[in-house]
Amino acid sequence: MRLINNHSYTVESVLKGHPDKICDQISDGLLDLYLSLDKSARTAIECLGTKGTLVIAGEVNSIQNLAVEQYSKELYKEITNQEQITVLNLLSQQSEQLGKPINDGGAGDQGIMYGYACNNDYNFLPFGYWLVNMLAKRLDEYRATTNLFLADGKVQAIISDDRIKQLTINVQHSADADLEMMRQLIQKEILFDIEAENVIINRDTGFINGGFSNDTGLTGRKIAVDTYGGIIPHGGGAFSGKDPTKMDRSAAYMCRFVAKNIVANGYAKECLVSVAYNFGEENPAMLHVLTDSFDSRKIMEIVKRNFDFRPQAIIERLNLKNIKYLPTSTYGHFTNTSYPWEKIERI
């Protein structure tokens with residue numbers, strides 16, 4: 001039995017220079033900057049980028065007054081290799097209404113979060129989801145060594161029974177690029193170990209403009225790419241720019257941590273964990289674990305005995321005030337085994 005109907009599905013990932021991902025990276029880069037100077041900082045930073053302008057908005061509660069505009073310009077240049085960007089800083093002070101429940105140990109908002117894992121060799125993730133993020137990362141790393149193509153791009157895969165039925169790659173390129181050479185080099189340097197029935201690379205030969213010059217970017221709009229590619233449910237809350245007191249982020253990490261450890265310890269081949277919170281309350285309003293195992297009561301007992309879903313307990317268990325969040329904003333939040341929520345423990 002499969003919990004998720006993933007016999008046949010389509011997934012995508014995007015490169016670092018995609019407009020939505022630029023916004024995610026700047027939001028998380030600013031979060032890292034605040035936390036590096038003030039561990040008690042609380043942020044909900046969101047960006048909108050379009051036509052040479054970056055708008056930074058949201059709420060911050062910190063003793064630090066940072067050079068937000070300058071840092072954002074520097075990070076934008078690092079991501080895109082472009083310098084010209086006008087930054088409008090509209091960040092405001094976090095309201096006391098939102099801050100008080102967190103100070104008391106409760107959830108800062110109501111919401112639902114999910115985590116998933118399955119037993120395979122792709123970091124306990126659906127094969128196609130792992131694949132497209134791995135290829136997006138390869139493309140970005142290869143771009144750093146060549147002027148073959150530019151920063152924006154997408155990777156899409158159609159999967160049927162863990163076979164690649166179709167793989168589509170579109171990358172931004174200069175107007176005078178030799179597209180045939182680009183296709184050949186991507187096949188050689190990026191797809192060297194990939195078997196796909198049908199590979200399409202830049203069928204549309206007009207991908208010249210990218211990033212904010214081509215489309216508006218928004219923080220959090222690639223949440224399906226960030227989580228599980230749309231294959232499993234998502235509660236709705238985005239991650240990037242939010243400090244670890246925000247349950248949208250920290251509880252989703254905890255759910256993944258629990259699901260992965262249930263599977264890695266052999267209690268199930270698939271595991272889907274969901275949790276819900278009420279505003280201001282410390283304990284979850286709901287905790288549910290669904291697996292392919294028939295002994296669901298035993299698995300729930302294991303989860304309750306080994307994992308504490310109270311907000312502050314999650315932060316401490318996963319050391320969420322002492323990690324760098326910028327790397328999480330590309331290639332999915334659950335693909336890198338070095339993150340603390342990806343650690344496998346004996347339970």
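Residues numbered from 1 in each chain as written. Predicted model: local features only at pLDDT ≥ 70, side-chain atom pairs only at ≥ 80, totals over all residues. Heavy atoms only, no water.

What follows concerns the overall build of the chain. A count of helices and strands for the chain gives nine helices and eleven strands. Computed over its C-alpha atoms, the radius of gyration of the chain comes to 21 Å, within 12% of the 20 Å expected for a compact globule of 347 residues. Counting only C-alpha atoms and orienting by the principal axes, one finds that the chain spans roughly 60 × 50 × 25 Å. Here the chain holds 347 residues, and 52% of them are scored as buried. A separation threshold of at least 6 residues defines the contact pool for the chain, and within that pool the share at least 24 residues apart is 72%. On the chain, roughly 15,700 Å² of surface is accessible, and the fraction owed to carbon and sulfur atoms is 45%. (Helix = DSSP H or I, 4+ residues; strand = E, 2+ residues; numbered from the N terminus. Rg over C-alpha atoms; globule rule 2.2 N^0.38 Å. Buried < 20%, exposed > 50% of the residue type's maximum accessible area, 1.4 Å probe, protein only. Contact = heavy atoms within 4.5 Å. Areas by Shrake-Rupley, 256 points an atom, 1.4 Å probe, with all protein chains shown as cover.)

Attention shifts here to helix H8 (residues 296-306). Listed in full, the buried residues belonging to H8 are Ile-299, Met-300, Ile-302 and Val-303. Viewed end-on, H8 has its buried residues packed into an arc of 155°, placing them on one side of the element. Exposed side chains of H8 directed beyond 90 degrees from the buried face belong to Arg-297, Lys-304 and Arg-305. Residues of H8 that are buried sit in contact with helix H7 (247-264) and strand E11 (286-291). (Arc of directions from axis to C-beta.)

Looking now at the pattern of salt bridges. Overall, the coordinates contain 18 salt bridges when judged by the stated rule. The closest approach of N and O atoms between Lys-21 and Asp-226, which form a salt bridge, is 2.6 Å. Of this pair, Lys-21 sits in helix H1 (residues 19-37) while Asp-226 sits in helix H6 (residues 223-226), and the two are 205 residues apart along the sequence. In terms of burial, Lys-21 and Asp-226 fall into one category: buried. (Salt bridge = Lys/Arg side-chain N within 4 Å of Asp/Glu carboxyl O.)

Our focus in this paragraph is the side chain of Gln-94. Along the chain, Gln-94 falls in the loop between strand E4 (86-93) and helix H3 (96-103). When neighbours within four sequence positions are excluded, Gln-94 is seen to be in contact with Arg-42, Glu-59, Val-60, Asn-61, Gly-99 and Lys-246.

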